[in-house]
Amino acid sequence: MPLTWDLAFHSGMSARSDLRAAVDEGVAVGVVATLLDVAKTILVLPRHLDAGGAVFIDSGAFAAFQKGDEVDWIKVFRVYESVLNMADKTAGLSIVAPDVIGDQTATLALWEAHTERVSAWIAAGARVIVPLQRGEQSAGVMLAHAKRIFQTDRFCAGIPSNLEAMSAEDCSTLHHHDFHVLGRVILNTELAVKLRTLLANNPGATYTADANWMRSRIRQISSAAQDLRHDPSRNPFESSRTRAVRAVLRSDAYHYKQA
């Protein structure tokens, strides 16, 4: 079976110019909740969803972990709920449930503390990604805990791929219908092994992923901005950054299954 994502989100699009380009191109957009302003949460992202687009909103927990910071979960939840409340079509929205990187006990405590809120997001039609953090318990046991706590299996199992990444052996304990790989889209040998392990037990499941599309394309975008600076057909109301990101997306977007 080919290893092809059902959907791959272009993360790193939280800045206004970048998000505008991504939305204009109709790609699956990835942003971070704590980097969004009101205009993005009540206008830009809901309109993208209502136009049939796909949006992934990360909680920012991984970045906070790297910096040693605490996550302002109430702020994150308000962003999720603002987009949910303003969009008519919520099925295209993927949001990440609260978690603590590499800490199963703390993650379970967050799920217990916010179960009503998470359940409300699921009921509202959002695709809630529940990160299955690694630790003494297997991923399969963590998945069972999530089903018990949220009283449903209508959520997506999140597979960490960076720090504290889930192993292929741990992946083999999972039986579910929806998976999302957090933080990696481009397949390397290690990720391919994990995906094949998941596919062996879950051949009919949905498989999606997100990764920071911007980070490795800074030079391409800078070069495109220079080339487009004197383009006579340019829109005077668009920044050179927006035009450049749009141009690079057209030639180098993530590949995934098209509906």
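Residues numbered from 1 in each chain as written. Predicted model: local features only at pLDDT ≥ 70, side-chain atom pairs only at ≥ 80, totals over all residues. Heavy atoms only, no water.

Chemist: Describe the overall build of the protein, listing the residues and the values that go with them.
Modeler: Of regular secondary structure, the protein possesses 11 helices and 8 strands. With respect to the three principal axes, the spread of C-alpha positions in the protein is 60 × 40 × 35 Å. Here the protein, with 259 residues, has 49% of them falling under the buried criterion. For the protein, the share of sequence-separated contacts (at least 6 apart) that also reach a separation of at least 24 residues comes to 71%. As displayed, the protein has an accessible area near 12,400 Å², and 51% of this comes from carbon and sulfur atoms. Of note, the protein has its 27 positive side-chain charges centred 7 Å away from the centre of its 28 negative side-chain charges. (Helix = DSSP H or I, 4+ residues; strand = E, 2+ residues; numbered from the N terminus. Buried < 20%, exposed > 50% of the residue type's maximum accessible area, 1.4 Å probe, protein only. Contact = heavy atoms within 4.5 Å. Areas by Shrake-Rupley, 256 points an atom, 1.4 Å probe, with all protein chains shown as cover. Lys, Arg positive; Asp, Glu negative; His and termini not counted. Charge placed at Lys NZ, Arg CZ, Asp CG, Glu CD.)

Chemist: How would you sum up helix α4 (residues 73-86)? Please name residues and give values.
Modeler: Between its first and last C-alpha, α4 extends 20 Å over 14 residues, near the 20 Å set by a 1.5 Å rise per residue. Buried residues along α4 sit in contact with α2 (38-50), β3 (55-58), α3 (61-67), β4 (93-96), α5 (104-113) and α6 (115-123). (Expected span 1.5 Å × (residues − 1).)

Chemist: A description of the state of the cysteines should follow, citing residues and the corresponding values.
Modeler: All told, the structure shown has 0 disulfides when counted by the stated rule. Left unpaired, Cys-156 is separated from the closest cysteine sulfur, that of Cys-171, by 13 Å. (Disulfide = S-S within 2.5 Å.)

Chemist: Run through the packing of aromatic side chains, naming residues and quoting values.
Modeler: Geometrically, a pair of aromatic rings is defined through the distance of the ring centres and the angle of the planes. Under the definition given, this model contains 7 aromatic pairs. Taking the centre distance of 5.6 Å and the plane angle of 35 degrees together, the rings of Phe-9 and Phe-56 count as tilted. Taken as a pair, Phe-9 in strand β1 (residues 7-11) and Phe-56 in strand β3 lie far apart in primary sequence, 47 residues in all. Judged by its relative accessible area of 1%, Phe-9 falls in the buried class. The class of Phe-56 is buried, set by a relative accessible area of 1%. Look at Phe-150 and Phe-155: their rings are 6.2 Å apart centre to centre, the planes differ by 75 degrees, and that puts the pair in the edge-to-face class. Each member of the pair, Phe-150 together with Phe-155, is buried. Feature note: the residues Trp-73, Phe-77, Tyr-80 and Trp-121 constitute an aromatic cluster, connected by ring pairs. (Phe/Tyr/Trp six-rings, centres within 6.5 Å; stacked < 30°, edge-to-face > 60°.)

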